[in-house]
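Structure assessment
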Amino acid sequence: MFASHKNELLDNNFSKTLPVLQSEQANEIFKDSYNLGFLSVTEPIAELELEKRLVEKIKTFMLELGTGFSFIGNQHRLEYNGKEYFVDMLFFNRKLKCLVAVELKIGEFKSEYVGKMNMYLSLLDKLEKEEDENQSIGIILCAEKDHLDVEIALQDVNKPIAVADYELIVPKKELQKLVLKEMKETN
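Residues numbered from 1 in each chain as written. Predicted model: local features only at pLDDT ≥ 70, side-chain atom pairs only at ≥ 80, totals over all residues. Heavy atoms only, no water.

Quick notes on the overall build of the protein
Looking only at helices and strands, the protein features seven helices and six strands. Shown N-terminal to C-terminal, the secondary structure of the protein runs as helices and strands in the order α-α-β-α-α-β-β-β-α-β-α-β-α. Residue burial in the protein is summarised as follows: out of 187 residues, 45% are buried. Restricting the contact set of the protein to residue pairs at least 6 apart, pairs at least 24 apart contribute 64%. (Helix = DSSP H or I, 4+ residues; strand = E, 2+ residues; numbered from the N terminus. Buried < 20%, exposed > 50% of the residue type's maximum accessible area, 1.4 Å probe, protein only. Contact = heavy atoms within 4.5 Å.)

This is the structure we're talking about:
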């Protein structure tokens, strides 16, 4: 579901942190929830495993993200003040003309994720953003989120950040194939 209706609750601060046109475009491009069933996950997995599987199926993930995305890399290294930081996944969006940092979380949204993303966006804008590009946008992708927690966490943040959730539910046909495959392997 796209977050483009004015009366709809938004789990981002785009209208406060981006110019009007870019905010409208970002709300049209980014979803409030993503279906990652194409990963065929049948049991809980670690964040690095989730990232690995998404990278293996990057084309499908980019199509799920929306239009205009180019993949830059995963565990994208940022170095500043003698310290290293790693963005889980980094994209560029041609329509928005900006870097898009994606942080993956396998659990429920926590407010401290916003601070970490805010820092990543500051570093991306300082170290990697080109002069003709817009400010970087961050997407925190969590297994679950509470809208009120997200709203208060983003309230006074001046970098554009959205929090989206995802489903790892395997589509019925895929689940049937997995079960049949496992049954054949055990016989």
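Quick notes on the environment of Leu-96
One can find Leu-96 in the loop between strand S3 (83–93) and strand S4 (98–108). Excluding residues within four positions of it along the chain, Leu-96 makes contact with Gln-22, Gln-25, Ala-26, Ile-29, Phe-30, Asn-134 and Ile-137.

Looking at the packing of aromatic side chains
Applying the stated rule across the entire model yields six aromatic pairs. Relative to Phe-91, the ring of Phe-69 has its centre 5.9 Å away and its plane inclined at 85°; by these criteria the two rings are edge-to-face. Taken as a pair, Phe-69 in strand S2 (residues 69–80) and Phe-91 in strand S3 lie far apart in primary sequence, 22 residues in all. Exposure class is identical for Phe-69 and Phe-91. Each is buried. (Phe/Tyr/Trp six-rings, centres within 6.5 Å; stacked < 30°, edge-to-face > 60°.)

Side note on the side chain of Lys-145
Along the chain, Lys-145 falls in the loop between strand S5 (137–144) and helix H6 (147–154). For Lys-145, a relative accessible area of 17% puts it in the buried group. A polar contact of 2.6 Å, which involves the side chain of Lys-145, links it to the side chain of Asp-11. Sequence-distant contacts of Lys-145, that is, excluding residues within four places in its chain, are made with Asp-11, Asp-32, Phe-109, Val-150, Val-163, Ala-164 and Asp-165. (Polar contact = N/O pair within 3.5 Å; in protein donor to acceptor, adjacent residues only side chain to side chain.)

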